[in-house]
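Residue-level listing of the chains:
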Amino acid sequence: MTNANAVKIGEIAPNCPTINQENKLPFQADLYKGKVVYLDFWASWCAPCRLSFPKLNKLYKELKSQGVEVIAINLDENRADAEKFLQENPVEFKIVYDDAKQCPKQYALIAMPSSYIIDKQGVIRMIHLGFKAGNEAKIHTDLLALLSE
Amino acid sequence: MRLYPIIILMLSIVNIACTPKVAAWERGILAKPHMLLQSNSLENSVRQHMHSSKEASAGGRNAGGGGCGCG
């Protein structure tokens with residue numbers, strides 16, 4: 001399925017509209033200028049997302065001091081499911097709950113998980129759909145390449 | 001009239017095709033193991049286990065848990 005509204009490589013990462021009580025703006029790309037952002041859309045029911053989390057956490061721990069920010073937007077229908085998963089698989093990176101499910105609409109998401117790598121200028125440079133074991137090596141290379149720009 | 005039930009049936013079939021797509025992030029309930037097209041998920045998992053241990057191969061069947069392993 002393709003979507004004409006889907007964000008593309010080379011575009012400025014869109015901001016997401018106001019969503020929930022705690023995070024008035026769950027993802028505002030402007031706030032992260034100067035950092036390389038790995039923006040991930042996930043849900044606890046999504047098997048590849050679950051697989052990716054420990055690996056993303058390892059990447060984040062390794063690269064955060066160099067200026068990598070990982071932001072994972074949760075899209076579970078029931079937030080408790082996500083919280084249970086995170087208790088069992090704790091991660092250090094930022095988790096945002098999108099109760100109104102506006103952000104995936106903004107990005108016209110077509111797969112779970114979908115991740116967007118955003119460079120220091122706020123431009124989307126890579127889009128990864130899905131996650132398989134071994135993908136973390138490519139993500140690591142991509143992040144390092146953007147950090148060195 | 002016997003024709004009416006047929007017309008209603010045909011209209012409902014057409015209507016099914018008009019229902020909106022389920023977005024990628026709305027498939028949490030569909031991803032539950034008991035949403036698989038089988039009568040007994042417990043029995044199925046036991047059968048799959050037996051099959052994989054006897055044949056030394058797995059996969060090619062439906063599986064619980066949504067998401068896309070693509071990419």
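Participant: Describe the overall build of chain A, with residues and values.
Facilitator: If you tally the helices and strands in chain A, you get 4 helices and 5 strands. Walking chain A from its N terminus toward its C terminus, one meets helices and strands in the order β-α-β-α-β-α-β-β-α. Computed over C-alpha atoms, the radius of gyration of chain A comes to 14 Å, within 12% of the 15 Å expected from 2.2 N^0.38 for 149 residues, which places it in the range of a compact globule. Summarising its shape, the C-alpha atoms of chain A cover approximately 40 × 30 × 30 Å along the three principal directions. Burial statistics for chain A: of 149 residues in total, 37% are counted as buried. Residue pairs at least 24 apart in sequence account for 73% of intrachain contacts in chain A once pairs closer than 6 positions are excluded.

Participant: Describe in detail the sheet that holds strand β3 (residues 94–97) of chain A, supporting the description with residues and values.
Facilitator: All names here are of chain A. With mixed pairing, the 5 strands of this open sheet are ordered in space as β3-β2-β1-β4-β5. Only two strands of the sheet have a single partner each, and these edge strands are β3 and β5 (124–129). Averaged over all adjacent pairs, the angle separating strand axes in this sheet is 20°, with direction ignored. In this structure, strand β1 (residues 36–42) lies alongside strand β2 (residues 68–74), joined through 7 bridges in parallel fashion. Each residue of the ladder has a partner; that of L39, found in β2, is I71.

Participant: Before we move on, could you go through the nonpolar core and cite the residues and values that matter?
Facilitator: Counting 39 residues, the largest nonpolar core has A:A43, A:M112 and A:I118 as its most contacted members. Those elements that place two or more of their residues in this core are β1, α1 (47–63), β2, β4 (114–118) and α4 (135–147) of chain A. In terms of residue count, the dominant contributor to this core is β1(A) (6 residues). If sequence neighbours within four positions are ignored, A:A43 has contacts with A:C49, A:N74, A:L75, A:D76, A:M112, B:W25 and B:G28.

Participant: I'd like a description of the pairing of β1(A), backed by residues and values.
Facilitator: All names here are of chain A. Most of β1 sits inside the fold, with 7 of its 7 residues counted as buried. Burial of β1 is two-sided: the residues V36, Y38, D40 and W42 facing one way and the residues V37, L39 and F41 facing the other way are all buried. For the handedness criterion, the β-α-β arrangement of β1, α1 and β2 is classed as right-handed. Two strands pair when backbone bridges link them, and β1 and β4 are joined in this way by 5 bridges, in the antiparallel orientation.

Participant: A description of helix α2 (residues 41–55) of chain B should follow, citing residues and the corresponding values.
Facilitator: All names here are of chain B. If you check α2, its first and last C-alpha atoms are 21 Å apart, about what 15 residues at 1.5 Å a residue would give, namely 21 Å. Here α2 lies mainly on the outside; 0 of its 15 residues are buried. In the stretch just after α2, A56 is the one whose phi turns positive, near 55°.

Conventions adopted
- Residues numbered from 1 in each chain as written.
- Chains lettered and ligands numbered in written order.
- Predicted model: local features only at pLDDT ≥ 70, side-chain atom pairs only at ≥ 80, totals over all residues.
- Helix = DSSP H or I, 4+ residues; strand = E, 2+ residues; numbered from the N terminus.
- Rg over C-alpha atoms; globule rule 2.2 N^0.38 Å.
- Buried ≥ 20, exposed ≤ 12 C-beta atoms within 10 Å, placed from the backbone.
- Contact = placed C-beta atoms within 7 Å.
- Pairing = 2+ DSSP bridges.
- Axes fitted to C-alpha atoms, helices over the stretch in contact; angles between N-to-C directions.
- Core = buried A, V, L, I, M, F, W, Y, C linked by C-beta atoms within 7 Å.
- Right-handed = clockwise from strand over helix to strand, strands pointing away.
- Expected span 1.5 Å × (residues − 1).

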